[in-house]
Amino acid sequence: MRIAPDSNPVRSEFADDPDMADIVTLFVSELPKRIASMQEALCSGDITQLRILAHQLKGAAGGYGFPKLGEAAALVDLGIKEGCDENVVRSRLGMLAAFAARVRP
Amino acid sequence: MTASQGPLPRLLAIDDSELIHRLLRVRLQHEPLEIHGSMDAREGLELARRMVPDVILLDIEMRGMDGFQVLQALKDDVNLQDIPVIFISATASMEDRVRAIDHGAIDFVAKPFEVVELKARVRSALRIHQMVKMLAQKAQVDGLTGLWNRTYFDRRLHQEVSEAVRHGRSVSLVMCDVDGFKRLNDECGHPFGDAVLERVARILQGGRSSDIACRYGGEEFGIILPNTMGTEAVDVAERYRVAIEAETWPGPAGRVITASFGVSDLSLLAGSQGSDDLVASADSALYRAKMNGRNRIEVAPVARPAG
């Protein structure tokens, strides 16, 4: 049996909360679009826009039951804030995207 | 009246992330709150001016105008400066937290927020707001009669006079003074005098809902009648006069207590049209009512047309 821990799905901490079901599902379904917008912002050199998007995800992901996703977004936000090399930002965004791909409602 | 019986307190969230708005709507849905939101700082400020919420949740990092600028604008607006503002921000820096509190925010919640904590902080902010409103109102109410006090009367009359002048409307003032009050106090004691003032206040309060009854001082009352011509004001005063005269009192049977009234209509005044002139003219009409035998109404003289 092949073990691939990084491809394990990540579920929301609020998966069992009926109040949250709808907005968690919406959050997860919109996530690929959100990550794509961040990648586009980086490609077109719009670092301000990338930072805004990362900052929003950092602030909200935990609220939807995905604190680790929020931490991954915080690393991108912090990288830009501290003026890190673009390659560092790119690699952090790559990690964020990889983690986001595992997120399930 | 307890808080739960009145209209729901209104919360306004200003945050540029739709994710946060959705989350707040769901997380606060079972709280006794009416939730409003704006994704734009300027638009949020406009909304705050229009709806005057009971508590504001404010993001710090927003495009165009940040949370600190919004807070400053709120504090600069006399109608909004007392609304408690809770900052919600993903920026955890100690400097920002201190700066937020120093600039007048009541609290600070870090994103991602713990739901129970957020709810508790919102409740706490609402309690404080409620208390501030109550104290502000108490400072304007007369302790004995429960009517508006002199401070409120002066401010409100000034405001009503400016409004009337601006919109070309009328405003009238009725001044009322209990007849022979000093003698009543001397003969029946101060507790009886107080009871008379309370009862007269109750009568003056029972008029039209738009009339503003205030205790002017001692046994003198001022009733502001927005949008009311002098003739109509005389009718109002007459109803008060009759009601006071008809009131029954403890003590010797058949005791009658009366009051005198002076009425003035702003639009009929000569010269300057300030609230001071309105008070002075109503007061001199009241003085004439006293001189002409009490338990009566006198009207301030109508100015002759200029020319």
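Since we're looking at a predicted model, the values are computed, not measured.

S.K.: So what's going on with the overall build of chain B? Which residues, and what values?
M.R.: Looking only at helices and strands, one finds 10 helices and 10 strands in chain B. The contacts of chain B with a sequence gap of at least 6 include a subset with a gap of at least 24, amounting to 66%. Counting only carbon and sulfur atoms, one obtains 52% of the accessible surface of chain B, whose full area is about 15300 Å².

S.K.: Tell me about the sheet that holds strand E4 (residues 85–89) of chain B, residues and numbers included.
M.R.: Residues and elements named next belong to chain B. Strand order in the open sheet made by the five strands is E2-E1-E3-E4-E5, with parallel pairing throughout. Every other strand in the sheet has two partners, leaving strand E2 (34–38) and strand E5 (107–110) as the edge strands with one partner each. Taking the axes of each pair of neighbouring strands and ignoring which way they run, one obtains an average angle of 20 degrees across the sheet. Pairing analysis gives five bridges linking strand E1 (residues 10–14) to E2, with the strands arranged parallel. Residue pairing across strands places Ile14 opposite Ser38, the latter belonging to E2. Seen against the sheet, helix H2 (residues 41–51) touches E1, E2 and strand E3 (55–59) and runs at an angle of roughly 165 degrees to E1.

S.K.: Which residues make up the interface of chain B and chain A, and what are the values?
M.R.: Every contact between the two is made by 16 residues of chain B and, on the other side, 21 residues of chain A. Across the chain B to chain A interface the summed buried area is about 1700 Å²; carbon plus sulfur atoms make up 57%. For chain B, the biggest contributors to the area lost against chain A are Leu19, Arg22 and Arg27 of chain B; these three give 35% of the whole. Here chain B is connected to chain A by three salt bridges. A salt bridge links Arg51 of chain A to Glu61 of chain B; the shortest N-O distance between them is 3.9 Å. Our enumeration of links across chain B and chain A arrives at seven residue pairs in polar contact (both at pLDDT 80 or more). Across the side of chain B that touches chain A, the residue classes break down as six nonpolar, four polar and six charged.

S.K.: Hey, could you go over the packing of aromatic side chains for me, with residue numbers and the actual values?
M.R.: Under the criterion given, the structure shown has seven aromatic pairs over all chains. Look at Phe27 of chain A and Tyr64 of chain A: their rings are 4.5 Å apart centre to centre, the planes differ by 10 degrees, and that puts the pair in the stacked class. Placement of the pair is Phe27 of chain A in helix H1 (residues 21–43) and Tyr64 of chain A in the loop between helix H2 (47–60) and helix H3 (67–81), with a sequence separation of 37 residues. Look at Phe153 of chain B and Tyr216 of chain B: their rings are 5.2 Å apart centre to centre, the planes differ by 85 degrees, and that puts the pair in the edge-to-face class. Pair noted here: Phe153 of chain B is in helix H6 (residues 150–167) and Tyr216 of chain B is in strand E7 (residues 212–217), with a separation of 63 residues, a long-range link. Each member of the pair Phe153 of chain B and Tyr216 of chain B is classed as buried. Put simply, the rings of Phe27, Tyr64 and Phe66 of chain A touch in pairs and so form one group of aromatic residues.

S.K.: Lay out helix H5 (residues 115–138) of chain B in plain terms, naming residues and giving numbers.
M.R.: Residues and elements named next belong to chain B. The first and last C-alpha atoms of H5 sit 35 Å apart over 24 residues, in line with the 34 Å expected at 1.5 Å per residue. Turning to H5, its buried residues are Val115, Leu118, Val122, Ala125, Leu126 and His129. Close packing links the buried residues of H5 with E1, helix H1 (18–27), E3, E4 and E5.

S.K.: Can you break down the sheet that holds strand E9 (residues 259–265) of chain B residue by residue, with the values?
M.R.: All names here are of chain B. Read from one edge of the open sheet, five strands run E7-E8-E6-E9-E10, paired in mixed fashion. Across the chains shown, the open sheet's two edge strands, defined by having one partner strand only, are E7 and strand E10 (297–299). Here the strands of the sheet are splayed against their neighbours by 20 degrees on average, with no regard to which way each runs. Against the sheet, H6 engages strand E6 (171–178), E7 and strand E8 (220–226), with an angle of about 130 degrees to E7.

Calculation criteria
- Residues numbered from 1 in each chain as written.
- Chains lettered and ligands numbered in written order.
- Predicted model: local features only at pLDDT ≥ 70, side-chain atom pairs only at ≥ 80, totals over all residues.
- Heavy atoms only, no water.
- Helix = DSSP H or I, 4+ residues; strand = E, 2+ residues; numbered from the N terminus.
- Contact = heavy atoms within 4.5 Å.
- Areas by Shrake-Rupley, 256 points an atom, 1.4 Å probe, with all protein chains shown as cover.
- Pairing = 2+ DSSP bridges.
- Axes fitted to C-alpha atoms, helices over the stretch in contact; angles between N-to-C directions.
- Buried area = accessible area lost by both parts, 1.4 Å probe.
- Salt bridge = Lys/Arg side-chain N within 4 Å of Asp/Glu carboxyl O.
- Polar contact = N/O pair within 3.5 Å; in protein donor to acceptor, adjacent residues only side chain to side chain.
- Nonpolar A, V, L, I, M, F, W, Y, C, P; charged D, E, K, R; others polar.
- Phe/Tyr/Trp six-rings, centres within 6.5 Å; stacked < 30°, edge-to-face > 60°.
- Buried < 20%, exposed > 50% of the residue type's maximum accessible area, 1.4 Å probe, protein only.
- Expected span 1.5 Å × (residues − 1).

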